[in-house]
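Below are the chains, spelled out letter by letter.
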Amino acid sequence: SQLFIKDLHFDGVPIRIYLPREPSASKRRGVVFFHGGCGIFGSIRSYERICRYIARKSDSVVVSVGYHLAPEHKYPAQTLECLTATVHFLKTADTYGVDPARIIVCGDSAGGTFTASVCQELGHRTDIPKIRAQLLIYPFLQALNFNLPSHQKNAAVAFLSRERTVHFLLKYLNKDCSLKEPILAGSHVPESINLKYRKWINPDLIPDELKLGYKPPLPTLFLPQVHEEVQELLEPWISPLLAEDAVVCGLPDTCLITCEHDVLRDDGLLYKKRLEDNNVHVTWHHVEKGFH
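The rules we used
- Residues numbered from 1 in each chain as written.
- Predicted model: local features only at pLDDT ≥ 70, side-chain atom pairs only at ≥ 80, totals over all residues.
- Heavy atoms only, no water.
- UniProt positions renumbered as here; feature names shortened; annotations may be inferred.
- Helix = DSSP H or I, 4+ residues; strand = E, 2+ residues; numbered from the N terminus.
- Buried < 20%, exposed > 50% of the residue type's maximum accessible area, 1.4 Å probe, protein only.
- Arc of directions from axis to C-beta.
- Contact = heavy atoms within 4.5 Å.
- Salt bridge = Lys/Arg side-chain N within 4 Å of Asp/Glu carboxyl O.
- Domains from an automatic or database assignment.
- Buried area = accessible area lost by both parts, 1.4 Å probe.

By the naming in an unreviewed UniProt entry, the protein is ADCL4 protein, taken from Motacilla alba.

Laid out in structure tokens, this is it:
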């Protein structure tokens, strides 16, 4: 009763828009929401209650993006559709009573990945309004190292185990799931790339109190054939943590949420450090005893 809800298409991308019915004296804030589900699950409908809640509690206009799922719609269709819908909303915000200078982009899990990618793509664009902020809820941000402290600590935690993370990732990219074991071991990454990104993806950057019991993994053998098969894993659209500093420094204010019992916890912590090192303002919420 408090919201007007309508299904539309933004440049061909399905969206559901939630508009507060109460008249507003000034233009409202806007929220673009990308749902989670590894790019292969989830829908506008499954996130209906969350989007209604955000619209009501923050008195904002919420746009929930129904990007098409993989593997039927091949990567990177999901990122491209999120990008298209966001640009459309930034350009047409006035139509929905939204201040184009007060639009945030947010998402959980893979939706957090899409959020990070969209903000990286649009950071230096001058032809459209700037995104005001990004909200990343336990995002997946890198596929280079699956042996960080949070991967070890939460390897067998319910719902999103370490093994299932890589399994879903391979499903998303429509790759052979037998590649899971060498990727978990790190055999898909050439030594030159490991060295290049060690300054950003490194267990030494995780606070000591969050890596109790961590054991550095034994060195693994690089397998060129595995690397050839899954090169997409090291692209910034899958691994936003690997974007260059020139991109990261153009990002908007960021709110990051991590959970204690989540294999992806350290992705969020490493991105937080990268953002702060590039003078991006970060608000961090860590949910102790929280799960993915």
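Read on, since the account is not over.
A.B. asks: Tell me what's going on with the UniProt feature "domain: Alpha/beta hydrolase fold-3" (unreviewed entry) in the protein, and back it up with residues and numbers.
C.D. replies: The UniProt record annotates "domain: Alpha/beta hydrolase fold-3" (unreviewed entry) at residues 31-183 and 231-292. In this annotation, residues 31-183 is assigned 39% helix and 17% strand; the end-to-end C-alpha distance for the span is 35 Å. Secondary structure across residues 231-292 divides into 27% helix and 31% strand, with the first and last C-alpha atoms of the span separated by 27 Å.

A.B. asks: Please give an account of helix 1 (residues 48-58) that cites residues and values.
C.D. replies: Along helix 1, the residues that are buried comprise Glu48, Cys51 and Ala55. Taken down its axis, helix 1 places every buried residue within 75° of arc, on the same side. More than 90 degrees from the buried face of helix 1, the exposed residues found are Arg49 and Lys57. Summarising the contacts, the buried residues of helix 1 are in contact with strand 1 (3-10), strand 2 (13-20), strand 3 (28-34) and strand 4 (60-65). Backbone geometry just downstream of helix 1 places Asp59 in the positive-phi region, at approximately 50°.

A.B. asks: Can you tell me about the pattern of salt bridges, naming the residues and giving the values?
C.D. replies: This structure, assessed with the given rule, holds 16 salt bridges. Two residues, Glu232 and Lys175, come together in a salt bridge whose shortest N-O distance is 3.1 Å. Taken together, the positions of Glu232 in the loop between helix 8 (224-229) and helix 9 (245-248) and Lys175 in the loop between helix 5 (162-172) and helix 6 (180-185) put the pair 57 residues apart, joining distant regions of the chain. Pair check on accessibility: Glu232 and Lys175 agree, each one buried. A network of salt bridges, in which partner residues are shared, links Asp7, Arg16, Glu48 and Arg52.

A.B. asks: Please provide a residue-by-residue account of the domain arrangement of the protein, values included.
C.D. replies: Assigned domains of the protein: these are domain 1 (3-142 + 237-291) and domain 2 (149-234). Each of domain 1 and domain 2 has a C-alpha centre, and the two are 25 Å apart. Taken together, the 34 residues of domain 1 in the interface contact 29 residues of domain 2. At the boundary of domain 1 with domain 2, total buried surface from both sides reaches about 2800 Å², with 69% on carbon and sulfur atoms.

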